Amino acid sequence: MTGLLAQASGGIRWSWITANLDDIWEATVEHLWLTGIAMVVGFAIAMVLSVAAIRYRRLYGPITATAGVIFTIPSFALFFVLAPFTGLTVLTAEIGLVLYTLLVLVRNTVAGLDGVPEDVKEAARGMGYTRNRLFLEIELPLAIPVIIAGLRIATVTTVGLVTITALITFGGLGRFIIDGLQQNLFVPKLVVGALGPTLLALALDGLLLLLQRAITPWSRRAAAL
Amino acid sequence: MDAVVDMLRWLLEPGTWTGPRGVLARSVEHLWISLVPLVAAMAVAIPAGVLSGHYRRGQAVGALVTNVGRAVPSLALLVFGLLLSVRVLGLGFSFWPIVFALFFLALQPLFTNSYTAVREAEPALVEAARGQGLSEREVLLEVELPVASPVIMTAVRITAVQVVATAPLGALAAGGGLGRFIIDGFGQNDDGQMLGGVVLVAVFALLVEWSVTRLERRVIPRPLQGRTDASAVAAAGRAA
């Protein structure tokens, strides 16, 4: 097996990686930007949809059903479907990325807000909290662990999907995969393009977990849906 | 809307459907590159998940598989499949790279859901079965497994759809299947062919979903039917 591996890795110019750290860094930053924009926009839309779904119960079914249908469209296909209409632009990539974050974010946000115990809300109302104060100071903080659990899943998914957008636009680190494939299986590029996003996803996942522990010290266990 | 008209024109052309590069031949290829990895992953991941769920072992390994499995992008899986097939095993391009990639893709949702389904089988039921003197083996095969079967089958259905929907990536590694139309259409600036390919993949995925649903009715014990668990959907939660 080791012989096989040695043979398989023979003649690979690993030095390409050290010689191109600048490019790799640039692609990493681009990857983070594409991910970040999608997460911020997706989160904002998801919060509005979630609050609407909680105030007007009837909306919850249609909202999650629609988001669920979008989630099942293969990302690969969605980007290609959008391309003829919105062009090979960042917009095309971001529309797809944002749509994919919605299902997980809405589902977790609603579940988190629903999970706030009724007696806690009752007590707050008894103390004279208005509806908005109740939401901002009681319900939202208590829902944070579940909301962040949703953010973690959505972030990991988005980092992976950014890789796919390399097929139609910039694509961050995913670009190295496309390049590597086109350059007769240039292994160092392929490895950077494949391992980079994986490590990035795991790192962001860990960071969000740390963030959640820092801002909600009272709860050590996040209910991951 | 020109693109949509082009797509209809492409789909209605008889030449699109016949011959070795036609839709029918590509559909058969698509079925093969999806079925081989799906069945292989089921053979590995379901027993592994069921056993570790039953013996309550391997939680750490399971969590690792789940987290890392979710973090690897599907395009990266294709890269690993390619390197494994071309550089390590010498099996070349086209068929094996995407088969390996889809195998890796299918492992995580199948394992995670089988594990959770068995581990969370109603404790009172399991206790009652033990109290009646059923052996460990019988508890597993006659109580836990049937009770877990709705969730496991939901996972199989979702995974099958994911595999079929991700299989088009194989066209990037010189593979066949319906992805050819998407990649070739894109490369040749032929929006009609590209969108046609996307529609065909979607129809294929729906057919697969329908077939597995039919299968579920045979596999899941009648009293448990219709209990497909939403948590399975959540655990598989990953866009292809």
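Look above for the structure.
Because the structure is predicted, anything quoted here is derived from the model rather than measured.

*Asks:* Could you give me a rundown of the overall build of chain B, with the residues and numbers involved?
*Replies:* Of regular secondary structure, chain B possesses eleven helices and zero strands. Overall, chain B shows an N-to-C arrangement of helices and strands of α-α-α-α-α-α-α-α-α-α-α. Dimensions along the principal axes, computed over C-alpha positions, put chain B at roughly 65 × 40 × 30 Å. In chain B, 74% of the contacts between residues at least 6 apart in sequence involve partners at least 24 apart.

*Asks:* Would you mind going over the overall build of chain A in detail, with residue names and values included?
*Replies:* Looking only at helices and strands, one finds ten helices and zero strands in chain A. Projecting the C-alpha coordinates of chain A onto the three principal axes gives extents of approximately 75 × 40 × 30 Å. Looking at chain A residue by residue over its 225 residues, the buried ones come to 42%. Sequence separation of 24 or more characterises 75% of the internal contacts of chain A that already satisfy a separation of 6 or more.

*Asks:* Outline unusual backbone geometry, listing residues and values.
*Replies:* The phi angle at A:Leu185 is positive, at roughly 60°, despite the residue not being glycine. Examined against the element boundaries, A:Leu185 turns out to sit in the loop between helix H9 (174-182) and helix H10 (187-215). One non-glycine residue, B:Ala174, lies in the positive phi region at around 65°. Tracing the sequence through the fold places B:Ala174 in the loop between helix H8 (136-166) and helix H9 (179-187).

*Asks:* Which residues make up the interface of chain A and chain B, and what values go with them?
*Replies:* Buried accessible area, meaning the area lost when the parts come together, often serves as the stated size of an interface. Contact residues are listed per partner, giving 34 residues for chain A and 34 residues for chain B. Listed by contribution, the elements that provide at least two residues to the side of chain A that touches chain B are helix H1 (2-9), helix H4 (60-72), helix H5 (75-86), helix H6 (90-114), helix H8 (131-165), H9 and H10 of chain A. Tallying contributions element by element places H10(A) first for the side of chain A that touches chain B, with nine residues.

*Asks:* An account of helix H5 (residues 74-88) of chain B is requested, with residue identities and associated values reported.
*Replies:* Since the α-helix turns once every 3.6 residues, residues separated by three or four places project in the same direction. End to end, H5(B) covers 20 Å across 15 residues, agreeing with the expected 21 Å (1.5 Å per residue, within 8%). Considered for burial, the residues of H5(B) that qualify are B:Ser74, B:Leu75, B:Ala76, B:Leu77, B:Leu78, B:Val79, B:Gly81, B:Leu82, B:Leu83 and B:Ser85. In this fold, the buried residues of H5(B) make contact with H8, H9 and H10 of chain A together with helix H6 (95-119) and H8 of chain B. B:Gly90 sits one or two positions beyond H5(B) and adopts a positive phi of about 65°.

*Asks:* Provide a residue-level description of the environment of B:Phe204, including the pertinent values.
*Replies:* Residue and element names in this part refer to chain B. Assignment of secondary structure puts Phe-204 in helix H10 (residues 191-219). Considering only alpha carbons, one finds Phe-204 and Leu-178, 26 residues apart in sequence, at a separation of 9.1 Å. Those residues in contact with Phe-204, other than ones at most four positions away along the chain, are Ser-27, His-30, Val-164 and Leu-178.

*Asks:* Can you explain the nonpolar core? Please cite residues and give values.
*Replies:* Counting residues in each nonpolar core, the largest one holds 126 residues, and the members touching the most others are A:Phe80, A:Val106 and B:Leu78. With 16 residues, H6(B) is the single largest residue contributor to this core. When neighbours within four sequence positions are excluded, A:Phe80 is seen to be in contact with B:Ile182, B:Phe186, B:Met194 and B:Val198.

*Asks:* Kindly report on the packing of helix H3 (residues 21-55) of chain A against H10(A), identifying the contributing residues and their values.
*Replies:* All names here are of chain A. Interaxial distance between H3 and H10 falls to 11 Å at its minimum, and their mutual angle equals 45°. Between H3 and H10, the angle is such that the two are oblique. With respect to the hand of their crossing, H3 and H10 are arranged in right-handed fashion. Each of Ile-24, Thr-28 and His-31 in H3 lies in contact with H10, whose residues at this interface are Val-192, Gly-196, Pro-197 and Leu-200.

Reading the values: the criteria
- Residues numbered from 1 in each chain as written.
- Chains lettered and ligands numbered in written order.
- Predicted model: local features only at pLDDT ≥ 70, side-chain atom pairs only at ≥ 80, totals over all residues.
- Helix = DSSP H or I, 4+ residues; strand = E, 2+ residues; numbered from the N terminus.
- Contact = placed C-beta atoms within 7 Å.
- Buried ≥ 20, exposed ≤ 12 C-beta atoms within 10 Å, placed from the backbone.
- Expected span 1.5 Å × (residues − 1).
- Core = buried A, V, L, I, M, F, W, Y, C linked by C-beta atoms within 7 Å.
- Axes fitted to C-alpha atoms, helices over the stretch in contact; angles between N-to-C directions.
- Parallel < 35°, antiparallel > 145°, perpendicular 65-115°, else oblique.
- Left-handed = near helix turned anticlockwise from the far one by under 90°.

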